[in-house]
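Structural description and commentary
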There are 2 protein chains.
Amino acid sequence: MPIETIAILGVGLIGGSFGLALRQAGFTGRLIGVSSERTIRDALARGAVDVGAPIHEALPKADLIYLAQPISKIIELLPQVRRLAPEHALVTDVGSTKVEIVDRAAELFGEGPFFVGGHPMAGKEGRGVAIADATLFRGAAYALTPLHDELPNGEVVNSFLQYLEKLGAEVHVLTAAEHDRVVSWTSHMPQLASTALAALVMDAFRDNEGLTLAGSGLRDMTRLAESPFEIWSDILDTNRDNLQQVLSAYIARLESMRQSLDSTGLAKQFEEANALRQKLPKRDI
Amino acid sequence: MPIETIAILGVGLIGGSFGLALRQAGFTGRLIGVSSERTIRDALARGAVDVGAPIHEALPKADLIYLAQPISKIIELLPQVRRLAPEHALVTDVGSTKVEIVDRAAELFGEGPFFVGGHPMAGKEGRGVAIADATLFRGAAYALTPLHDELPNGEVVNSFLQYLEKLGAEVHVLTAAEHDRVVSWTSHMPQLASTALAALVMDAFRDNEGLTLAGSGLRDMTRLAESPFEIWSDILDTNRDNLQQVLSAYIARLESMRQSLDSTGLAKQFEEANALRQKLPKRDI
């Protein structure tokens, strides 16, 4: 059975963009939004969903169930989603950490309905369906973390993968543990480095005018620090062990820099840093 | 005596942009470039200088002497510049740290020729007169650090200030010590935070494919890490004491974050970080 009905739970930036992108990619089935009344009104106006419905009406009709809420909300909803989802359906989510979600899903899901964790590495500044964007997934990595080592077989799973490709996403299948380890380096540590720097400079310049000398370097390095804590609270809570390790490694690296400020030791750091820039994916997002 | 002849020593991105910007601002006098043969050829082609000359020919004719070389080169040249500069001339530089340059200049300069340290907070990726830009100083802060507390009086000094205003720079007069303290927070620490992060992630992902998941956060936070060490070597060498302190404060901040990963302590850090973003100058450079 191909995908005819999709329930999007949480029609914000990601959920709304998923709806808009599917429509643009030629999806002709039904998009049911499950969200607050106000969000559904905005989502309908933008064409991101066809109709709003309460969860107990939307899920039993859905072939694909797309959980696009905050991590803690996804975890909280999983038992209800399991009860309401049809046997043939695929349930997937967009949470920024995967181990806690996938562990909980593994207790609940099995041979149908299926569950596959997901994390589209896409976003932009701001939130909500108002800035949803049909091109959000284009060129972006999209991590899929199955409950066990491999994606389950099944028509809905295959169809979902085909849609992700049509959306322009680069699908990577990996374990939830590996995902969370990788993003602690590539996403969570950069966020904390930015937040720490911004908070520190704020403290140092609270009562003086020195910031008038600040140039583009400080602006670049504190851009991430604009992210609201309510998004990061769940992420940090659910990836604490990895972050402990990465933060410790970053602290140790800075400490060794501090100790080699008066030697040529820093040349190697700059070289390594340059090498990373060559290696980073050149996606234009 | 107004400024009729300007000698620019080191016609790279900053020196070349100074020449182009002066011309665009209506300067009708002579721009003499002192640089390598090849650089002078490129600078002439771009119209950044009118003529090239060796230092001992250029300086005795100059009303304004603009030192736009690396910090260590500026310090090395100061005695020769002092010997060759006319009594009425103003000597100024563009070094990214000011204490060592100004201390050395204070030993050499007095009531004429005059010396005033300078640091235009302007730049862009890349180097050399090829990317010099007449609008480089527009909207940018331009720090001036006199030998003593105040700018010297004199027609050439006043004329230089007027040209900086015509170039669109925001002039800030402060002591060399205060300048170096401020930029250790607003420029040097962001650079080291970026370099450390990039070098660390490079180490962690040397032999695996995890970086395919990297998104825009890591790219933003490692952009500065593309700066070559040869530029930073001098800067770090001449601002070591301030950087020791700021690095220690950053390390302590990260350590306290690490310890409060499992509490609500991070909410306050995110708030502070947001507050900095509101406070940063919104220059579009």
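Structure: see above.
Described in the following lines is the structure provided in the data block. All values reported here derive from a predicted model rather than from experimental measurement.

Residues and elements named next belong to chain A. Helix 9 (residues 229-237) packs onto helix 7 (residues 176-204) with a crossing angle of 125 degrees between their chain directions and a minimal axis gap of 12 Å. As far as their axial angle goes, helix 9 and helix 7 are oblique. Crossing angle aside, the handedness with which helix 7 passes helix 9 is left-handed. Here Ser187, His188, Gln191 and Leu192 of helix 7 lie close against helix 9, whose contacting residues are Trp232, Ile235 and Leu236. Its residues assigned to classes, the contact of helix 7 with helix 9 comprises 4 nonpolar, 3 polar and no charged.

Let us look at the sheet that holds strand 1 (residues 5-9) of chain A. Residue and element names in this part refer to chain A. Reading across from one edge, 3-2-1-4-5-6-7-8 is the order of the 8 strands in this open sheet, with mixed pairing throughout. Lying at the two open borders of the sheet, with one neighbouring strand each, are strand 3 (51-52) and strand 8 (170-173). Bridge analysis of strand 5 (residues 90-93) against strand 6 (residues 114-120) gives 3 bridges, and the strand direction is parallel. By the bridge assignment, Val91 is partnered in strand 6 with Phe115. Strands strand 1, strand 2 (30-34), strand 4 (64-67) and strand 6 of the sheet are contacted by helix 1 (residues 13-24), whose axis makes an angle of about 155 degrees with strand 1.

The next point concerns the interface of chain A and chain B. On the chain B side, the residues contacting the 83 residues of chain A number 83 residues. Surface buried jointly by chain A and chain B totals about 8,400 Å² across both partners, of which 69% is contributed by carbon and sulfur atoms. Summed over the shared surface of chain A and chain B, the number is 6 salt bridges. A salt bridge links Arg253 of chain B to Asp203 of chain A; the nearest nitrogen and oxygen atoms lie 2.7 Å apart. Linking chain A with chain B are 21 residue pairs in polar contact (both at pLDDT 80 or more). Contributing elements (two or more residues each) for the side of chain A that touches chain B: strand 7 (141-146), helix 7, helix 8 (216-221), helix 9, helix 10 (240-259) and helix 11 (265-279) of chain A. For the side of chain A that touches chain B, the element with the highest residue contribution is helix 7 of chain A, accounting for 21 residues. Per-class residue counts for the side of chain A that touches chain B are 48 nonpolar, 17 polar and 18 charged.

How each quantity is defined
Each chain has its residues counted from 1, following the order in which its sequence is written. Both sets of labels track the order of writing: A upward for chains, 1 upward for ligands. Where totals are concerned, whole chains, interfaces and linings use all residues; where local detail is concerned, this predicted model gives features only for residues with pLDDT of at least 70, and gives and counts side-chain atom pairs only at 80 or more. Excluded from the side-chain calculation are hydrogens and water; included are all heavy atoms of the structure. In this description, a line fitted to the C-alpha atoms serves as the axis of each element, helices being fitted only across the stretch in contact, and the angle between N-to-C directions of two axes falls anywhere from 0 to 180 degrees. Helix and strand assignments come from DSSP, with helices taken as H or I runs of at least 4 residues and strands as E runs of at least 2, each series counted from the N terminus. In what follows, roughly perpendicular refers to angles from 65 to 115 degrees, roughly parallel to angles under 35, roughly antiparallel to angles over 145, and oblique to any angle outside these ranges. We call a crossing left-handed when the near helix sits turned anticlockwise from the far one by less than a right angle, and right-handed when that turn is clockwise. The contact criterion used is simple: two residues touch if any of their non-hydrogen atoms lie within 4.5 Å. The classification used treats Ala, Val, Leu, Ile, Met, Phe, Trp, Tyr, Cys and Pro as nonpolar, Asp, Glu, Lys and Arg as charged, and all other residues, Gly among them, as polar. Any two strands with at least two DSSP-identified bridges between them are counted as paired. A 1.4 Å probe defines the accessible area here, and the buried area is the portion of it lost by two parts on being joined, summed over both. Salt bridges are counted wherever a side-chain nitrogen of Lys or Arg sits within 4 Å of a carboxyl oxygen of Asp or Glu. Definition of a polar contact: a pair of N or O atoms within 3.5 Å, with one able to donate and the other able to accept a hydrogen when the atoms are protein atoms, and with sequence-neighbouring residues admitted only if both atoms are side-chain atoms.

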